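Architecture and fold: a report
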Amino acid sequence: MTSRRNTSSTDLLVDLVTNTADPGYAATAARRGPDAPRRWFDRPATAVGCLLVGFTLAIAYVHTHRGAPAAAKVHNDLVRRVEAAQSSANALEARAQQLGTKITRARDQALPGTSLGAQLQRNELLAGATPAAGPGLQVKLGDPPQPTSTPDNGRRGTTPIGGTQLLTDRDVRSVVNELWHDGAEAISVNDVRLTPTSAIRFAGQAVLVDFAPITSPYTIEAIGDSDVLVTSFADSDVASRYHTLASAEGVNFSWTQEGKLHLPATTAATPRYARPAETKGPR
Amino acid sequence: MIAGLALAVGVIVGLVLRPTVPHWLEPYLPIAVVAALDAVFGGIRARLDGIFDSKVFVVSFVSNVVVAALIVFLGDKLGVGGQLSTAVVVVLGIRIFGNAAAIRRHVFRA
């Protein structure tokens, strides 16, 4: 029973490979005889058929060669625009910082040694407008190494599952909040300085600090009393949560006490609506 | 003679007009191409065998395209469109190779 079924299925395959001629031609030739007269539609039909075939091939050629470069062109164009915007943003940022240092220098010359100058410097430090240095704590948080995904055999247009990340903005935010709570005076995330108006958000696959996209691993540096920072942070719920995550999910989580950290400056946003309120009497 | 001329005219018309393929037709384009090549090689082989018939040529081309597209359309609706598309290309591809071998035997006697 099985052998018969096997023979018939192999017959089908052998037939497919060996008998490649269209049986229609042989059948028609047999029916019409060897010296059948030419019919009136023989030549036009052949011509129309060949025309259709050639047209199909040409369409396919044109379609393939038009679609791919156009898509690539659009993609390259977008990439170029993004890169240009990024480089111009970087240039503007650098210029703003350069001008900022110039202003600071000029102001220091104008207000030498006064308490006003010292107060300004302190405010700028708190606002993240000047680079900060000092002892502190460095926390490292990284996504677990991705398992190498198997080649995806899905049809085009489907997104593979598994390209998701474990750590999101919420994790970075909770560490930062804990560090503020533990007495940090200045914090940077992946070398982006946090200011009083900083937002840590999630967009697509990247964590955004203000508008700078950062990716795992996240290095969060906080300047403050390093002993207090370390002990408070080690004690916190946040640290124990990520310890659990580290052992359960393979998240990289570690912190080190640093003697000297350098945090970069950021260009402080100029408030446009907020004005100093009239203070009534001494606070 | 007239067949080759018509083929060239078809290619030129396609290249000059550069028609846009509607989006819903795109998945059937590869199948149409393979069916067209199959018809061409089958026709040449029949001509060399001396049994070429214009009616069979046109009908086989059109019906190949229609049936292959129908199979793939059904497969798309049932979720096996990609696999069926591969199957159609494999079967027609085998036929193309077989016909090409037959033509080679005719032309080179080898």
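Up top is the structure these notes are about.
Heads up: these notes are all about the structure in this document. Nothing here was measured: the structure is a model prediction, and the numbers come from that model.

Here we come to the overall build of chain B. Across its full length, chain B carries four helices and zero strands. Order of helices (α) and strands (β) in chain B, N terminus to C terminus: α-α-α-α. Considering only contacts in chain B between residues 6 or more positions apart, those separated by 24 or more positions represent 67%.

Here we come to the sheet that holds strand β2 (residues 186-189) of chain A. Note on sheets: strands pair through backbone hydrogen bonds, and any given pair is parallel or antiparallel. Taken together, five strands build an open sheet; the order of strands is β3-β2-β7-β1-β8 (chain A) and the sheet is antiparallel. The two strands at the open ends of the sheet, each matched to only one other strand, are β3 (192-193) and β8 (252-263) of chain A.

With that settled, consider helix α1 (residues 2-17) of chain B. The α-helix advances 3.6 residues per turn, and as a result positions three or four apart in sequence lie on the same side. Residue and element names in this part refer to chain B. Between its first and last C-alpha atoms α1 spans 22 Å; for 16 residues at 1.5 Å apiece the expected length is 22 Å, and the two agree. Within the sequence span of α1, burial applies to A3, A6, L7, G10, V11 and G14. Considered in projection along α1, the buried side chains sweep an arc of 135 degrees and stay on one side of the axis. Exposed side chains of α1 directed beyond 90 degrees from the buried face belong to I2, G4 and V16. After α1 finishes, the residue R18 shows a positive phi value of roughly 45 degrees.

Contacts between chain B and chain A engage 40 residues on the former and 32 residues on the latter. Residue assignment for the side of chain B that touches chain A shows that the elements contributing at least two residues are α1, α2 (29-49), α3 (54-78) and α4 (81-108) of chain B. Considering every element that reaches the side of chain B that touches chain A, the biggest residue donor is α1(B), with eleven residues. Of the residues belonging to the side of chain B that touches chain A, the class tally is 27 nonpolar, eight polar and five charged.

Residue and element names in this part refer to chain A. Pairing in this open sheet of three strands is antiparallel, and the strands run β4-β5-β6 from one edge to the other. What marks the edges here is a single partner per strand, and that holds for β4 (200-203) and β6 (212-214). Taking the axes of each pair of neighbouring strands and ignoring which way they run, one obtains an average angle of 35 degrees across the sheet. Sheet analysis places strand β5 (residues 206-209) next to β6, joined by three bridges and oriented antiparallel. Bridge pairing in β6 links V207 to I214.

Definitions and limits used
Residues numbered from 1 in each chain as written. Chains lettered and ligands numbered in written order. Predicted model: local features only at pLDDT ≥ 70, side-chain atom pairs only at ≥ 80, totals over all residues. Helix = DSSP H or I, 4+ residues; strand = E, 2+ residues; numbered from the N terminus. Contact = placed C-beta atoms within 7 Å. Pairing = 2+ DSSP bridges. Expected span 1.5 Å × (residues − 1). Buried ≥ 20, exposed ≤ 12 C-beta atoms within 10 Å, placed from the backbone. Arc of directions from axis to C-beta. Nonpolar A, V, L, I, M, F, W, Y, C, P; charged D, E, K, R; others polar. Axes fitted to C-alpha atoms, helices over the stretch in contact; angles between N-to-C directions.

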